[in-house]
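Survey of secondary and tertiary structure
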Amino acid sequence: MINPFNLAKAIEKEVCRNGSKKFYRFRKTRFYGGCATADCLGCNLRCAYCWAQKKVWNPARYGEFYTPDAVSEKLDRMNFSLVRISGGEPTLCKKYLRELVSLIPEDKLFILETNGILLDENFVRELSKFKNLYVRVSLKGVDERTFEKITGAEGKFFYNQINTLDLLKKYDIKHRAAILINLFTESQINNLGIPNLEYETLIDYPFVQKNLKKRGIEVMRV
Ligand code: SF4
């Protein structure tokens, strides 16, 4: 079973170097009504349904290193009022993330899409000074068991995700939790008791279907 903190440490050595971080794509996307997106490499989980796994899990083979200045400039040039980091896990290399958010003009909203596991209280407190930040936490399970099956990580880390939502609330950071609707029953999702949940849907590429089957994960609704 993966320990997401240990994996994060190992992957950070590959994706962060001399103040730069590895990204594999910059693109205009339709999400949130249109936003400039930078796709980073590296993640501290191994989700069975990860659509970006080919690149995100193999950072040594893909992408290039960019300074925070270079990334903010590329995002700025796309001319959207929303910018986001997607692809892998953006909270790897916290110093880099802090610097990048600080470079995003205040009239643009920075959307941080994260699994939330690495967001401890100190870091959430630091992030709370950025008023143009919105955090979207993608929940990977409804309990320890489902989290473990889906992510390949020890089930106890499910509570880090829940704890992060509490911290975001405590420090008054705009946020929302999201969950993949296809893998859980309605009552499992309702039992979480998380308000205003956003529903994600599975992108069922053949390799995703294969991975889910291998881990014994049933797709409930399509
Ligand atoms: S957290 Fe996201 S990027 Fe990481 S493995 Fe899961 S789906 Fe892929």
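Description of the structure in this document. (Residues numbered from 1 in each chain as written. Predicted model: local features only at pLDDT ≥ 70, side-chain atom pairs only at ≥ 80, totals over all residues.)

So, the overall build of the protein chain
When its secondary structure is counted, the protein chain shows nine helices and nine strands. Since a compact globule built from 222 residues should have a radius of gyration of about 17 Å, the 17 Å found for the protein chain is in line with a globular shape. In terms of overall dimensions, the protein chain has C-alpha extents of about 45 × 40 × 35 Å along its principal axes. Within the span of the protein chain, comprising 222 residues, buried residues form 38% of the whole. The long-range share in the protein chain, meaning contacts at least 24 apart out of those at least 6 apart in sequence, stands at 70%. (Helix = DSSP H or I, 4+ residues; strand = E, 2+ residues; numbered from the N terminus. Rg over C-alpha atoms; globule rule 2.2 N^0.38 Å. Buried ≥ 20, exposed ≤ 12 C-beta atoms within 10 Å, placed from the backbone. Contact = placed C-beta atoms within 7 Å.)

A few points about the environment of A153
Structurally, A153 is set in the loop between α6 (144-151) and α7 (158-170). The exposure class assigned to A153 is buried, which follows from the 25 C-beta atoms found within 10 Å. Linking A153 and G141, residues 12 residues apart in sequence, is a C-alpha distance of 11 Å.

A look at the site of the ligand
Taken together, C43, L45, R46, C47, C50, A52, V56, G88, E89 and N115 make up the full set of residues near the ligand. Of the residues that constitute the shell around the ligand, the class distribution is six nonpolar, two polar and two charged. (Near = placed C-beta within 6 Å. Nonpolar A, V, L, I, M, F, W, Y, C, P; charged D, E, K, R; others polar.)

Structural notes on the pairing of strand β5 (residues 82-87)
Consecutive residues of a regular strand have side chains that alternate between opposite faces of the sheet. Extensive coverage of β5 is indicated by the burial of five of its six residues. In this sheet, β5 lies alongside strand β3 (residues 35-40) in parallel orientation, the contact comprising five bridges. Among the inter-strand pairings, A38 is bridged to a residue of β5, identified as I85. (Pairing = 2+ DSSP bridges.)

Side note on helix α4 (residues 94-103)
Buried within α4 are the following residues: Y96, L97, L100 and V101. End-on view of α4: buried residues confined to an arc of 130°, all on one side of the axis. In α4, the exposed positions angled more than 90 degrees off the buried face are occupied by K95 and S102. Residues of α4 that are buried sit in contact with β1 (16-17), β2 (20-29), α3 (68-77), β6 (109-114) and β7 (133-139). (Arc of directions from axis to C-beta.)

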